[in-house]
Amino acid sequence: MLEVKDAKMMYGDLVAVDHLTFTIKPGDIFGLLGTNGAGKTTTFRMIMGLLEPTEGEVLYNGEKVGYHNVNQIGYMIEERSLLTKITVKELMLYFGQLKDMEPNVILERLDYWLERFNIVEYKNKKIKELSKGNQQKIQFISAIINNPNLLVLDEPFSGLDPINTELFVEVIRDFQKNGSMVVFSSHQLDHVESFCEEIVVLEKGKAVIEGRIDQVKKDFKKQNIHIVGDVDVEKLKAIPGVFKVIENTNGIIVKIENEDVSKAVFDYVKTCKHITKYDVEQASLSEIFVAKVGHKHEEV
Ligand code: ATP
């Protein structure tokens, strides 16, 4: 179990993380989300024992992370700065041996992962010869080469194309199935909705949204209705409880205060012609974030 208990981190006068609390259990995939500078990397550094919290504590299976248990953890840092002048094989031997692994085990696992990530041909290539996405794969492999019980991934998906994102997701899910704990960060809120069940969204170090995604969405009463057909936008706007109507190329989005309003919207839409779509959808995490924090951030 990983416990972040009331953790606060200050850099001089700046509060980077402000009384943050969450728990991750075996088999959990936990998302630490938030805008740039929200405090995600700082939280990871506290988890890894690289920063001592100003207040509160972080415990991995009841203990602080240090030399004695760091072997059980895999950490993918945000900076994509690998040792670029050595080969993939040399790099993996270096990182693996730092984690007390035997060279033959490292090489065996490396072959498996290179195959799984479709980059077998790069084993003896220098890191600097690899594309950015392939360097990211190597960095990910270096974090999982020791079969960690806890996987800490700082922005693992940033810059990946959809196919490689799916590949990373599959591997992370395999770790989940085997009972590992996974915590990852992202500033793309909606991107992670289908990927993890529990989240904390940070804004200036504070948790502004937290809990299970389904519960967060349920608690946030507002919903969207997606309609395609011949409807009168002014009539939709006049329905009590409708607070916004947006027309776009995919149809019309009617934003409603709560699910009770959907009946009135449906009653009106039934009187219209050529309706090919009528879907009531929950608000996205980005919408919930904007509603709670009160401003739109370019990255969210
Ligand atoms: P990003 O998504 O941009 O990587 P983040 O959510 O990981 O951001 P952090 O890197 O944890 O955010 O930074 C949180 C806050 O702490 C920011 O205001 C940042 O400027 C500040 N900060 C981070 N590291 C230091 C440091 N070593 N010294 C002083 N301030 C720092």
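Below is a summary of the structure that appears in this document. Because the structure is predicted, anything quoted here is derived from the model rather than measured. (Residues numbered from 1 in each chain as written. Predicted model: local features only at pLDDT ≥ 70, side-chain atom pairs only at ≥ 80, totals over all residues. Heavy atoms only, no water.)

What follows is about the packing of aromatic side chains. If you walk through the whole model with that rule in mind, you get twelve aromatic pairs. Considering the side-chain rings of phenylalanine 117 and phenylalanine 140, the 5.8 Å spacing of their centres and the 90 degrees angle between planes classify their relative orientation as edge-to-face. With a gap of 23 residues between them, phenylalanine 117 in the loop between α3 (103-116) and α4 (132-144) and phenylalanine 140 in helix α4 connect regions that are remote in the sequence. One exposure class covers both phenylalanine 117 and phenylalanine 140, and it is buried. Geometrically, the ring pair formed by phenylalanine 157 and phenylalanine 184 is edge-to-face, given 5.8 Å between the ring centres and 75 degrees between the ring planes. Residue phenylalanine 157 is found in the loop between β6 (150-153) and α5 (162-177), and its partner phenylalanine 184 is found in strand β7 (residues 181-186); the two are separated by 27 residues along the sequence. By the ring-pair criterion, three or more aromatic residues cluster together here, those being Tyr112, Trp113, Phe117, Phe140, Phe168 and Phe175. (Phe/Tyr/Trp six-rings, centres within 6.5 Å; stacked < 30°, edge-to-face > 60°. Helix = DSSP H or I, 4+ residues; strand = E, 2+ residues; numbered from the N terminus. Buried < 20%, exposed > 50% of the residue type's maximum accessible area, 1.4 Å probe, protein only.)

Turning next to the pattern of salt bridges. One pass over the full model with this rule turns up 17 salt bridges. With a shortest N-O distance of 3.0 Å, lysine 263 and aspartate 267 are connected by a salt bridge. Here lysine 263 pairs with aspartate 267, and both are found in helix α8 (residues 261-269), just four residues apart, close to one helical turn. When salt bridges that share partners are traced, they join Arg116, Asp174 and Lys177 into one network. (Salt bridge = Lys/Arg side-chain N within 4 Å of Asp/Glu carboxyl O.)

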